[in-house]
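The chain contents come next:
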Amino acid sequence: MKFGPISAVAVAAVTAVGLAACGSGTPGGTSGGGAGAGATSASGETVKVGIKFDQPGLGLKQGSDYTGFDVDVANYIAKELGYTPQFVEAISAQRETLIKSGQVKYIVGTYSITDKRKVDVDFAGPYFIAGQDLLVRADDTAITGKDALNGKKLCSVKGSTSAANIKKDVPGVNLQEYGTYTLCVDALKAGSVDALTTDNTILAGYAAQDANKGKLKVVGKTFSTENYGVGLKKGDKDMCTKVTAALAKFVSSGEWQKSVDKNLGPANFKPGEGNPPKAAACA
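Nothing here was measured: the structure is a model prediction, and the numbers come from that model. (Residues numbered from 1 in each chain as written. Predicted model: local features only at pLDDT ≥ 70, side-chain atom pairs only at ≥ 80, totals over all residues. Heavy atoms only, no water.)

A.B. asks: Please explain the side chain of lysine 52 as it appears in this structure.
C.D. replies: By secondary structure assignment, the location of lysine 52 is in the loop between β1 (46–51) and β2 (54–55). For the buried lysine 52, no salt bridge is present, and the opposite-charge side chain at shortest range is aspartate 54, 5.6 Å distant. (Helix = DSSP H or I, 4+ residues; strand = E, 2+ residues; numbered from the N terminus. Buried < 20%, exposed > 50% of the residue type's maximum accessible area, 1.4 Å probe, protein only. Lys, Arg positive; Asp, Glu negative; His and termini not counted. Salt bridge = Lys/Arg side-chain N within 4 Å of Asp/Glu carboxyl O.)

Shown next, in the form of structure tokens:
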């Protein structure tokens, strides 16, 4: 996400970025236990892995099940490195803290690679390229893109690149920063805000959810490029090298495409130009 461009994904309720029922988890809270439904657990050391709990198609927690493209990436990395993952909710504003304090081994949660974040954490990747877009009510014809946001109430999530981008690009917007995207979606449906902004992949997932079909729509005009990376402890080059190798295998094995088709395909989301990306070398 977000916070960078919404590189793509009109992921869907089907795709999982969406958050429908999840955003109620405790920030930084540990999930009950294992890798979740459909996950491939390793038999080695159990490590805590940060993911999103409220993004349909990307990282969604429903009961004891975890689904989404990012969940598949997180599980694949764990399998390749010989770990058994225990999922922890990685709220956007808490991601650097979770990594720096050692509360998680790594984070896979629509985590855009930015120079500001690289001061505190390292990244392996990118493993996906998305773009920032807008989600509005289905009957809204006034908001046609970023340039139509002046004076509008816009929701985004605290600590996201999406919020930072919009503050800089549209100083006249009335930005409302909530703790989760699910809260933003609820506010949008209730009429408390006029639009929600984050990556297109996340927005697509919400729009595709059964509860939102016919009520919300993605504007479809991205205005940023978001490179999703795996967040790691600063200076841990060995871990970065191993994760980078796992990401390369995830792509070359065909598992990357299978996961995209499974999680984002139902929303008719097509990855944008540059996907699947080649991960950069660890510095």
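A.B. asks: What should I look at first to understand the pairing of strand β3 (residues 59–62) in this one?
C.D. replies: Two faces belong to every sheet, and in a regular strand the side chains alternate between them. One ladder, built from two bridges, connects β2 with β3; its direction is antiparallel. Directly across from aspartate 54, in β3, lies its bridge partner leucine 60. Taking the residues between adjacent antiparallel strands as the criterion, β2 and β3 are bridged by three residues, where glycine 57 takes a positive phi near 85 degrees. As paired elements, β3 and strand β4 (residues 65–67) share three bridges and run antiparallel to each other. Bridged to glutamine 62 within β4 is aspartate 65. Remark: two residues form the turn of the hairpin made by β3 and β4, two consecutive strands paired antiparallel; glycine 63 in that turn has positive phi of roughly 65 degrees. (Pairing = 2+ DSSP bridges.)

A.B. asks: Honestly, the sheet that holds strand β11 (residues 195–199) in this entry has me stumped. Any pointers?
C.D. replies: Each strand in a sheet pairs with its neighbour through backbone hydrogen bonds, running either in the same direction (parallel) or in the opposite one (antiparallel). Taken together, five strands build an open sheet; the order of strands is β10-β9-β11-β8-β12 and the sheet is mixed. Each end of this open sheet is capped by a strand with a single partner; those strands are β10 (174–178) and β12 (216–218). Direction aside, the axes of adjacent strands within the sheet are offset by 30 degrees on average. Sheet topology note: the strand β8 (residues 132–137)/β12 ladder contains three bridges and is antiparallel. Residue pairing for β12: valine 136 is matched across the bridge by lysine 217. (Axes fitted to C-alpha atoms, helices over the stretch in contact; angles between N-to-C directions.)

A.B. asks: Looking at this model, I keep getting lost on the packing of helix α1 (residues 69–81) against helix α7 (residues 255–263). Mind explaining?
C.D. replies: Packing of α1 against α7 leaves a shortest axis separation of 9 Å and a crossing angle of 150 degrees. Classified by the angle between their axes, α1 and α7 sit roughly antiparallel to one another. As α1 packs across α7, the resulting crossing turns out to be right-handed. Residues Phe69, Asp72 and Tyr76 of α1 pack against Glu255, Trp256, Ser259, Val260, Lys262 and Asn263 of α7. (Parallel < 35°, antiparallel > 145°, perpendicular 65-115°, else oblique. Left-handed = near helix turned anticlockwise from the far one by under 90°. Contact = heavy atoms within 4.5 Å.)

A.B. asks: Even after reading the chapter, I still don't get helix α6 (residues 237–252), so can you show me in this structure?
C.D. replies: Each turn of an α-helix holds 3.6 residues, which means side chains three or four residues apart point in the same direction. End to end, α6 covers 22 Å across 16 residues, agreeing with the expected 22 Å (1.5 Å per residue, within 8%). When α6 is considered as a whole, its buried residues turn out to be Met239, Cys240, Val243, Thr244, Ala246, Leu247 and Phe250. Axial view of α6: buried residues confined to an arc of 165 degrees, hence all on one face. In this structure, the buried side of α6 is in contact with α1, β6 (106–107), β7 (121–130), β13 (226–233) and α7. Of the residues one or two after α6, glycine 254 is the one with positive phi, at around 90 degrees. (Expected span 1.5 Å × (residues − 1). Arc of directions from axis to C-beta.)

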